[in-house]
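Residues per chain are reported as follows:
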Amino acid sequence: MAPLLEIRDLHASVGDTPILKGINLAINVGEIHAIMGPNGSGKSTMSYVLAGRDGYEVTGGDILMNGVSMLEMESDERARAGMFLAFQYPVELPGVGGMSFLRAAVNARRIEAGEDEVDQLEFVKLVRAKAKNLSINDDMLKRAVNVGFSGGEKKRYEILQMALLEPVLSVLDETDSGLDVDALKIVSDGVNLLRDPARSMLVITHYQRLLNHIVPDYVHILAGGKIRRTGGKELALEVEESGYVGIDDAA
Amino acid sequence: MVATQETIDTLEEVTGKYKYGFVTDIESDKAPKGLNEDIIRFISAKKDEPQWMLDWRLKAFATWQKMETPDWAKLDIEPIDYQDIHYYAAPKSSEGPESLDEVDPELLKTYAKLGIPLDEQKILAGVVAVDAVFDSVSVATTFRGELAKVGVIFCPISEAIRDYPDLVKKYIGSVVPVADNYFSALNSAVFTDGSFVYIPKGVRCPMELSTYFRINEANTGQFERTLIIAEDEAYVSYLEGCTAPQRDENQLHAAVVELVAMDDAEIKYSTVQNWYPGDENGLGGIYNFVTKRGACRGDRSKISWTQVETGSAITWKYPSCILQGKDSVGEFYSVALTNNLQQADTGTKMIHIGEGSRSTIISKGISAGRSQNCYRGLVRIQPGAENARNFTQCDSLLVGDKCGAHTVPYIVSRNPSAKIEHEATTSRISEDQLFYCQQRGISTEDSVSLIVNGFCKEVMKELPMEFAVEAQKLIGISLEGSVG
């Protein structure tokens, strides 16, 4: 069986600057992989390239989901195919009501799958139930998307969307950044609830502490646009001890 | 809510282009092209008008002939040949129908396509009374019996001229004088139909009143005239919608709307304007030159304009309030969206005369394609308007990099106690916002529509429910092809 996500010798540039310089990675169904790396190693670029953001140009290699190349797919098509990106800096959408936004996202998938749109009342109930797990109250759901949310609220709102959209592959980009200990626990618990043998995750982080909560099957160290080392969860602890210094040499 | 569903269905049926671009094949009774005293006599005779009305029209025509087309707006307008227009066109079989049964079935089908709930049974569910104006004639005014019970008059203005001459004489031209501007003079000379509403003292109109305007015939101008009077403590909410078939030539629409609110009266006037905007290359489309003005004559009276302007090749429109009454209130909520080669120069005037008068202006301009979108507004505080207040917020949103947004606010204060606030922003749909929505699986076009509707929310929430849903869809449809 083909891996859920397969990245083959991926090269990508932003403008004229090459950032990713030959990434190879395979994630099987049900696995959680973590990518760690120093600032500027290409972690966020990798998440945007996977999601198909404009301006992030693939200059070589391929990205396959269930054996099918995604390079020609627009970002909304990739999303409907089951890829979800939890943003490091979620974007404010002034005036766009939270409920209508969530409904639009869920309906976009359903329409593509040839299903009916969600029943409005049922949907509100569903959102409330999932929001409760993430300590998101009704007031937050009524506000415009991410507008006036604290850093922690924004991250919880990302995980709420992930819970509603039920992606087969979730990419979590520095979901721990800007979170205090309590918020980190709420977010991690929310993510762990979504662990499922049918779903995979790619957790991008700078710090090991997130991986105490969301325990990965594999850890990869990204530096200088390449994966330098791959190991089990203990690799994260090693990095915590000795830092990223010397990683480049290990390649 | 039936109305809403019908409207949505109609909108959803259709795909990319202008959704209302069909022509209904109905035998039409037209005046010959051109404008002269005889044509005005023809219109007046067709309407079976009294002599005083004809005299008023002829005087207006003489005034118009001495006037010149205004050129102060930020609009690039091809010269209009006023002799190349039909000033009267009526669907032949529909003169004076008594009930819906007598209305030409073809017409009813047209309205069904437009999603207008003309069927009274359906209207019952939507609680909307409709006066539909097709080219130059009011085709059917629903619910008149129901309204008459509470003393509300809602009828075509041509009928009001015959049946309520004293009311019409007293108020017509009292808010927008004939010589106010070039197009008001033209309208006064040749107006063909429109709605008349009278709400007696102390009556709260039990349902939303609605007019649907449609230009169907080629080379036809539409010149409707609407007059709404709310006596002391009266309330009415009035909605108007407009569409026109897709045609290669430009068509002229020059309407005049006058509102009068007496002591403690309130008039809420909402418009969703979706005249044919022309094609991607600017071919065809309606020239929309409209004068709308409300007089808050009574103390504590209130007039509120809400408009969603997505159509027309050219929009020239400044719904205004004259705040004469003590503590009177004027409001203007506007969304003006231009795409392709559309041009809009729109805004409001708030004239504060009464002590303690207050006004609010919220304007949202969206420019896409190669369009030009201009907000032009005047806030004037007269010397007697002690403690007058105004708050203005003008926001512009740019979609793409070939369009223009302009803001031209005039503020004149002649009373030192006045408080006037003006806020303005210009922004662009950010790539971050688009990517965020798309990453959630929402298509580019739906993402743009979501973001733009969010930008307009403060105005949209002022629209009655029946219109809000249609207006949201319209915003999306009007922006199609503007991104990517």
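A quick note: this is a predicted structure, and the numbers were derived from the prediction, not measured.

Can you tell me about helix α6 (residues 151-165) of chain A, naming the residues and giving the values?
Residues and elements named next belong to chain A. A rise of 1.5 Å per residue sets the reference length of α6, with its 15 residues, at 21 Å; its end C-alpha atoms lie 22 Å apart and thus fit the reference within 8%. Burial of α6 is extensive: 14 of the 15 residues sit out of reach of the surface. Where α6 ends, the next residue or the one after it, Glu166, has phi of about 45°, a positive value.

Which residues make up the pattern of salt bridges, and what values do they have?
For the structure on display, the rule yields 34 salt bridges over all chains. Across the pair Arg143 of chain A and Glu153 of chain A runs a salt bridge whose closest N-O atoms are separated by 3.8 Å. With Arg143 of chain A in the loop between α5 (138-142) and α6 and Glu153 of chain A in helix α6, the pair connects residues that are 10 residues apart, well separated along the chain. Since its relative accessible area comes to 19%, Glu153 of chain A is described here as buried. Between Lys364 of chain B and Glu458 of chain B there is a salt bridge, and its shortest N-O distance comes to 2.7 Å. Residue Lys364 of chain B is found in strand β19 (residues 358-367), and its partner Glu458 of chain B is found in helix α12 (residues 457-460); the two are separated by 94 residues along the sequence.

So, the pairing of strand β16 (residues 320-323) of chain B: which residues are in play, and what are the values?
The side chains of a regular strand alternate between both faces of the sheet. All names here are of chain B. Burial along β16 is two-sided: the residues Ser320 and Ile322 and Cys321 and Leu323 are all buried. Pairing geometry for strand β13 (residues 285-296) and β16, over 4 bridges, is parallel. Its bridge partner being in β16, Gly294 is matched across the sheet by Cys321. Where β16 meets strand β18 (residues 343-352), 3 bridges bridge the pair, whose relative direction is parallel. Residue pairing for β18: Cys321 is matched across the bridge by Met350.

Describe the nonpolar core, naming the residues involved and giving the relevant values.
Membership of the largest hydrophobic core comes to 106 residues, with the highest contact counts inside it found for Phe101, Tyr157 and Leu160 of chain A together with Ile366 and Val452 of chain B. Here this core takes 7 residues from α6 of chain A, the largest share from any one element. For Ile366 of chain B, the contacting residues outside a window of four places in its chain are Val335, Ala336, Leu337, Thr338, Asn373, Leu397, Val399, Val452, Phe455, Cys456 and Leu479 of chain B. In terms of nonpolar packing, the next biggest core, distinct from the first, is built from 36 residues, Val152, Ala230, Val257 and Leu323 of chain B among them.

Please provide a residue-by-residue account of the side chain of Asp345 of chain B, values included.
Residue and element names in this part refer to chain B. Within the secondary structure, Asp345 sits in strand β18. Side chain to side chain, Asp345 and Tyr318 meet in a polar contact 2.6 Å long. Sequence-distant contacts of Asp345, defined by excluding residues within four places in its chain, comprise Ala73, Lys74, Leu75, Thr315, Trp316, Lys317, Tyr318, Cys374 and Arg376.

So what about the packing of helix α3 (residues 98-112) of chain A against α6 of chain A? Which residues, and what values?
All names here are of chain A. Across the interface, α3 lies against α6 with an axial gap of 10 Å and an inter-helix angle of 35°. Between α3 and α6 lies a crossing of right-handed hand. Of α6, the residues touching α3 (which contributes Gly98, Phe101, Leu102, Ala105, Val106 and Arg109) are Tyr157, Leu160, Gln161, Leu164 and Leu165. Each residue belonging to the contact of α3 with α6 can be placed in one class, and the counts come to 8 nonpolar, 2 polar and 1 charged.

Outline the interface of chain A and chain B, listing residues and values.
Taken together, the contact between chain A and chain B spans 31 residues of the former and 18 residues of the latter. Summing both partners gives a buried area of about 1900 Å² for chain A against chain B, and 61% of it is carried by carbon and sulfur. On the surface where chain A and chain B come into contact, there are 3 salt bridges. With a closest N to O distance of 2.4 Å, Arg53 of chain A and Asp432 of chain B form a salt bridge. The interface formed by chain A and chain B holds 13 residue pairs in polar contact (both at pLDDT 80 or more) in total.

Quick rundown of the confidence of the model for chain B? Include the residues and the values.
Fine structural detail should not be taken from predicted coordinates in areas where pLDDT scores are low. All names here are of chain B. Of all residues in chain B, 80% attain a pLDDT of 70 or more, and the chain-wide mean is 83. Ignoring residues within four places in sequence, the model shows residues 1-17, a span with pLDDT below 50, making 32 contacts including any to other chains. Ignoring residues within four places in sequence, the model shows residues 117-128, a span with pLDDT below 50, making 36 contacts including any to other chains.

Describe in detail unusual backbone geometry, supporting the description with residues and values.
Here Glu174 of chain A, not a glycine, exhibits a phi torsion of approximately 45°, which is positive. Here Glu174 of chain A lies in the loop between β7 (169-173) and α7 (181-193). The phi dihedral of Asp264 of chain B is positive, around 60°, even though this residue is not glycine.

Give a description of the pairing of strand β4 (residues 56-65) of chain A that names residues and reports values.
Residues and elements named next belong to chain A. Of the pairings in the sheet, the one linking strand β1 (residues 5-14) to β4 comprises 8 bridges and is antiparallel in character. Each residue of the ladder has a partner; that of Glu6, found in β4, is Leu64. With 2 bridges connecting them, β4 and strand β5 (residues 68-69) associate as antiparallel partners. In the sheet register, Met65 faces β5, and the bridge partner there is Val68. Two successive antiparallel strands, β4 and β5, enclose a turn made up of 2 residues, where Asn66 displays a positive phi of approximately 50°.

Residues and numbers for the environment of Gly151 of chain B, please.
Residues and elements named next belong to chain B. Mapped onto the fold, Gly151 is located in the loop between α6 (144-149) and β5 (153-156). Residue Gly151 is classed as partly exposed on the basis of its relative accessible area, which comes to 31%. Each residue touching Gly151, except ones within four places of it in the same chain, is listed here: Tyr198 and Pro200.

Let's hear about empty space enclosed by the protein: which residues, and what values?
Where empty space is left in the structure can be found by rolling a water-sized probe over the atoms. All names here are of chain B. Summed over all chains, the structure comprises 6 cavities of 30 Å³ or more. Of all the elements in the fold, those that place two or more residues in the lining of the second largest cavity are β19, β20 (372-381), β21 (389-398) and β22 (404-413). Classifying every residue of the lining of the second largest cavity by side-chain character gives 5 nonpolar, 7 polar and 2 charged.

Explain the packing of aromatic side chains to me, using residue names and the numbers behind them.
Tallying each qualifying case throughout the model produces 23 aromatic pairs over all chains. Between Phe101 of chain A and Tyr436 of chain B the ring centres are 5.9 Å apart and the planes differ by 5°, which places this aromatic pair in the stacked class. Of this pair, Phe101 of chain A sits in helix α3 while Tyr436 of chain B is found in helix α10 (residues 431-439), placing the two residues in two different chains. Taking the relative accessible area as the measure of exposure, Tyr436 of chain B reaches 0% and is therefore buried. Here a set of aromatic residues connected by ring pairs shows up, and it is made of Phe61, Trp64, Trp72, Tyr82, Tyr182, Phe183, Tyr287, Phe289, Trp316 and Tyr318 of chain B. Stacked on the ring of Tyr235 of chain B, the Lys or Arg Arg204 of chain B has its end atom at 4.0 Å from the ring centre.

What counts, and at which threshold
Residues numbered from 1 in each chain as written. Chains lettered and ligands numbered in written order. Predicted model: local features only at pLDDT ≥ 70, side-chain atom pairs only at ≥ 80, totals over all residues. Heavy atoms only, no water. Helix = DSSP H or I, 4+ residues; strand = E, 2+ residues; numbered from the N terminus. Expected span 1.5 Å × (residues − 1). Buried < 20%, exposed > 50% of the residue type's maximum accessible area, 1.4 Å probe, protein only. Salt bridge = Lys/Arg side-chain N within 4 Å of Asp/Glu carboxyl O. Pairing = 2+ DSSP bridges. Core = buried A, V, L, I, M, F, W, Y, C linked by side-chain atoms within 4.5 Å. Contact = heavy atoms within 4.5 Å. Polar contact = N/O pair within 3.5 Å; in protein donor to acceptor, adjacent residues only side chain to side chain. Axes fitted to C-alpha atoms, helices over the stretch in contact; angles between N-to-C directions. Left-handed = near helix turned anticlockwise from the far one by under 90°. Nonpolar A, V, L, I, M, F, W, Y, C, P; charged D, E, K, R; others polar. Buried area = accessible area lost by both parts, 1.4 Å probe. pLDDT = per-residue confidence, 0-100. 1 Å grid on protein atoms, 1.4 Å probe; cavity = no way out; pocket = protein on both sides within 12 Å on 5 of 7 lines; lining within 4 Å. Points joined across faces, edges and corners; volume = space filled by probe spheres on them. Phe/Tyr/Trp six-rings, centres within 6.5 Å; stacked < 30°, edge-to-face > 60°. Lys NZ or Arg CZ within 6 Å of the ring centre and 35° of its normal.

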